[in-house]
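Remarks on the overall topology
Residue strings, one per chain:
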Amino acid sequence: MISLLKTEHKKTKKKYLLLTSLLITALDLAWIFYGNFSEDAILKGWMMFLYQLPLTNAIFLPFLMTVVASRLADIEHRGFMLKQLCTIVPRGKLFDAKLLYGFSIVLACMVIQFVSVFIFGCVKGFGGVYPFRLYSIYWLFTIAASLAIYIFQHTLSMLFQNQAVPFFAGVIGEFLGVFSMFLPQLPWLRKSLLWGYYGVLQFVGSDWNSQTRISTFYLYDFDWLSFVILLTVCLVLYGIGRSLFIKKEV
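Figured I'd write up the structure that's included with this text. (Residues numbered from 1 in each chain as written. Predicted model: local features only at pLDDT ≥ 70, side-chain atom pairs only at ≥ 80, totals over all residues. Heavy atoms only, no water.)

1. Examining the overall build of the protein chain
In terms of regular secondary structure, the protein chain is built from 11 helices and 2 strands. Shown N-terminal to C-terminal, the secondary structure of the protein chain runs as helices and strands in the order α-α-α-α-α-α-α-α-α-α-β-β-α. For the protein chain, the proportion of its 250 residues judged to be buried stands at 48%. For the protein chain, the share of sequence-separated contacts (at least 6 apart) that also reach a separation of at least 24 residues comes to 79%. Summed over its atoms, the accessible surface of the protein chain is roughly 13200 Å², and 69% of this surface lies on carbon and sulfur atoms. (Helix = DSSP H or I, 4+ residues; strand = E, 2+ residues; numbered from the N terminus. Buried < 20%, exposed > 50% of the residue type's maximum accessible area, 1.4 Å probe, protein only. Contact = heavy atoms within 4.5 Å. Areas by Shrake-Rupley, 256 points an atom, 1.4 Å probe, with all protein chains shown as cover.)

See below:
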């Protein structure tokens, strides 16, 4: 497996995959940090970010994962490369290697976001002690939601030679996921979409006073049941995707 991962890295060196991922991450961070922060926002900065980040993730992370999965699969779909490769490497191992390598890139970008938010908050002087436990749970939930989406995108990219299919599936899913976050009165909509789980697992709410223009942030109960369900969905998607790829004619 290690040799396959090294091979994936070598194949993507001149495809600018890592650079593209970093540029998307930079755009994500620019979106997060842009604007003037009021004294109240700085005072409540740690909680404010925990409230805002799920929506930002729902916009940028699915796009990042669609790009990564499609670029990795497109390398093999050109000409007869996939057919030749499958005569050397078992299809299941190839599916796993590309999945691990691709998600490791996504995970690295998430680490950059996590660390950047911490550094930004310290530099800005956010009030109170850094809530490490809350941010750890936020990161755990974000990883679970991203993993489910990435397995889905990876499977489509490996199954379809035309990468327009997984790309449009990702764009539509992302749009519906973001849309569902603006409809909290319809929790079933969020829970029926992989892309909606950034909102399902969100645990910080906000009340905004239009007169004082001050926001009050509060905690929801952690939705551990949805987290477990999402992990189960990851396993199911992985099993189905791997099985379909093994049976695929190339």
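After that view, the rundown keeps rolling.
2. Description of the side chain of Ser146
With respect to the helices and strands, the residue Ser146 is situated in helix α7 (residues 132–159). One polar contact links Ser146 to Tyr198, side chain to side chain, over a distance of 2.8 Å. The contacts of Ser146, once residues within four sequence positions are left out, are Leu61, Met65, Phe103, Met110 and Tyr198. (Polar contact = N/O pair within 3.5 Å; in protein donor to acceptor, adjacent residues only side chain to side chain.)

3. A few points about a nonpolar patch on the surface
Residues Phe63, Phe167, Phe168, Val171, Ile172, Phe175, Leu176 and Phe179 make up a contiguous nonpolar surface patch of about 770 Å² in total accessible area. Looking at which element gives the most residues to the nonpolar patch, the answer is helix α8 (residues 164–181), with 7 residues. Summarising the element assignment, Ile172 is placed in helix α8. (Patch = residues over 30% accessible without salt bridge, like charges linked within 9 Å, V, L, I, M, F, W, Y side chains within 5 Å. Salt bridge = Lys/Arg side-chain N within 4 Å of Asp/Glu carboxyl O.)

4. What about the side chain of Ser116?
With respect to the helices and strands, Ser116 occurs in helix α6 (residues 91–124). Of the residues examined, Ser116 reaches a relative accessible area of 18% and is grouped as buried. With sequence-adjacent residues up to four places away left out, Ser116 is seen in contact with Leu29 and Phe33.

5. Quick notes on the packing of aromatic side chains
Within this structure, the stated rule accounts for 33 aromatic pairs. With a centroid separation of 6.2 Å and 75 degrees between ring planes, the pair formed by Phe141 and Phe203 is classed as edge-to-face. With Phe141 in helix α7 and Phe203 in the loop between α10 (197–200) and β1 (204–209), this pair connects stretches of sequence that are 62 residues apart. Across this residue pair, the class does not change: Phe141 and Phe203 are buried. (Phe/Tyr/Trp six-rings, centres within 6.5 Å; stacked < 30°, edge-to-face > 60°.)

6. Quick notes on the packing of α6 against α7
It is the contact of α6 with α7, at a shortest axis distance of 10 Å, that shows an interaxial angle of 145 degrees. At the point where α6 passes α7, the crossing takes the right-handed sense. Between α6 and α7, the residues in contact are Phe95, Lys98, Leu99, Gly102, Phe103, Val106, Leu107, Met110, Val111, Gln113, Phe114 and Val117 and Tyr135, Tyr138, Trp139, Thr142, Ile143, Ser146, Leu147, Tyr150, Ile151, His154, Thr155 and Met158, respectively. When the residues that make up the contact of α6 with α7 are grouped by side-chain class, the tally is 17 nonpolar, 6 polar and 1 charged. (Axes fitted to C-alpha atoms, helices over the stretch in contact; angles between N-to-C directions. Left-handed = near helix turned anticlockwise from the far one by under 90°. Nonpolar A, V, L, I, M, F, W, Y, C, P; charged D, E, K, R; others polar.)

7. Considerations on helix α2 (residues 17–33)
For α2, spanning 17 residues, the distance from its first C-alpha to its last is 24 Å, which sits close to the expected 24 Å at 1.5 Å a residue. If you check which residues of α2 are buried, you get Leu17, Ser21, Ile24, Thr25, Asp28, Leu29, Ile32 and Phe33. Within α2, the buried residues cover an arc of 165 degrees as seen down the axis, which keeps them to one side. Residues Leu23, Leu27 and Trp31 are exposed on α2 and point more than 90 degrees away from its buried face. (Expected span 1.5 Å × (residues − 1). Arc of directions from axis to C-beta.)

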